[in-house]
Amino acid sequence: MPRRADLSDTFCPVGRSAELLGDRAVLLILRDLFFGRRRFEAIVANTGLGPQLVSARLKLLEKEGVVERHAYQDKPPRHEYRLTDKGKDLFGVLYAMRGWAERWAYADGETGDGPAMRYTHRACGTDVGTATVCPGCGAALGYGDLKGEPSPALKAEQARRTG
C-alpha cells in the first residue's frame, strides 16, 4: 500500500487539518466525545473500532492537545477522555459534516421519518435542522449548544453496537 504524504508541515490549512482529521477513526472518536462518551470502553463499543486503534488515536489526540486524559479510578487504573478547548473548537467541523450527510448521504426514507440526528437548541428549544444559526433566536450554534436526538434507525444501530 502506498504511503500517504505527510502534511504536518504544509502551509496549506486544509492540508494541515487533514493530517489529523483525515482519519475516519479520529472523526468517530471525536463524534463520541461530543456526545459525552468519555470512557474508552464506551468509545470502542459505539464506534465499532478495535481497541488498539482507539487507543492509538486517543494517544494521538492527547499528543495534539485535542483531548486530556483524566483518571476516574485508581485500582485498576482507568481514565476518561475530555475535550480541550482545541478539541471543542472542532465541533463546527463535525457539525458541518453532519449537515452535508443529512442532505446528501442518505437515500429517501433511509433514516425513517426525518433526519438521522435531530438537534434542538438548548437555550430556546428550537429544532435547528442543519442550520449553524438558530432559526428561533438567531444565536450562533457551537459546542454545548445543542441537544441531539437520534432517529429510531440510528438508535437501533447504536443499540446493536453497544449490546
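Refer to the structure above for everything that follows.
Residues numbered from 1 in each chain as written. Predicted model: local features only at pLDDT ≥ 70, side-chain atom pairs only at ≥ 80, totals over all residues. Heavy atoms only, no water.

## Regarding unusual backbone geometry
Item 1. Put simply, K75 and P76 share a cis peptide bond, and its omega is -15 degrees.
Item 2. Relative to the helices and strands, P76 resides in the loop between β1 (67-73) and β2 (78-83). (Helix = DSSP H or I, 4+ residues; strand = E, 2+ residues; numbered from the N terminus.)

## Some points on the side chain of N46
Item 1. Residue placement: N46 occurs in helix α3 (residues 40-47).
Item 2. Those residues in contact with N46 that lie beyond four places of it in its chain are R31, D32, R37, Q158, R161 and T162. (Contact = heavy atoms within 4.5 Å.)

## Overview of the pattern of salt bridges
Opposite charge on two side chains allows them to pair when their charged atoms are near.
Item 1. Summed over the entire model, instances satisfying the criterion amount to ten salt bridges.
Item 2. Linking E80 and R39 is a salt bridge whose minimum nitrogen-to-oxygen distance equals 4.0 Å. Here the residue E80 occupies a position in strand β2, and R39 occupies one in the loop between α2 (24-34) and α3, the gap between them amounting to 41 residues.
Item 3. Exposure remark for E80: the relative accessible area of 9% places this residue in the buried category.
Item 4. R39 gets classed as partly exposed once you look at its relative accessible area, which sits at 39%.
Item 5. As a salt-bridge pair, K63 and E64 come within 3.8 Å of each other at their nearest N and O atoms.
Item 6. For E64, a relative accessible area of 31% gives the class partly exposed.
Item 7. Taken together, the shared-partner salt bridges in this structure form one network comprising R38, R39, E80 and R82. (Salt bridge = Lys/Arg side-chain N within 4 Å of Asp/Glu carboxyl O. Buried < 20%, exposed > 50% of the residue type's maximum accessible area, 1.4 Å probe, protein only.)

## Concerning the layout of surface pockets
Rolling a probe over the atoms, with the probe sized like a water molecule, indicates the empty space that remains.
Item 1. A volume near 1100 Å³ is recorded for the largest pocket.
Item 2. Around the largest pocket, the lining comprises 37 residues; the ones closest to its centre are R31, F35, R98, M117 and L154.
Item 3. Listed by contribution, the elements that provide at least two residues to the lining of the largest pocket are α2, α3, α6 (91-104), β3 (117-121), β4 (146-150) and α7 (152-162).
Item 4. A per-element tally of the lining of the largest pocket places α6 first, with eight residues.
Item 5. Residues belonging to the lining of the largest pocket are distributed by class as follows: 19 nonpolar, seven polar and eleven charged.
Item 6. One number sums up the size of the second largest pocket: a volume of about 220 Å³.
Item 7. As for the second largest pocket, its lining consists of S8, R16, S17, E19, L20, L21, L60, K63, E64, V66, K86 and L90.
Item 8. Elements supplying a minimum of two residues to the lining of the second largest pocket: α1 (13-21) and α4 (51-63).
Item 9. Looking at which element gives the most residues to the lining of the second largest pocket, the answer is α1, with five residues. (1 Å grid on protein atoms, 1.4 Å probe; cavity = no way out; pocket = protein on both sides within 12 Å on 5 of 7 lines; lining within 4 Å. Points joined across faces, edges and corners; volume = space filled by probe spheres on them. Nonpolar A, V, L, I, M, F, W, Y, C, P; charged D, E, K, R; others polar.)

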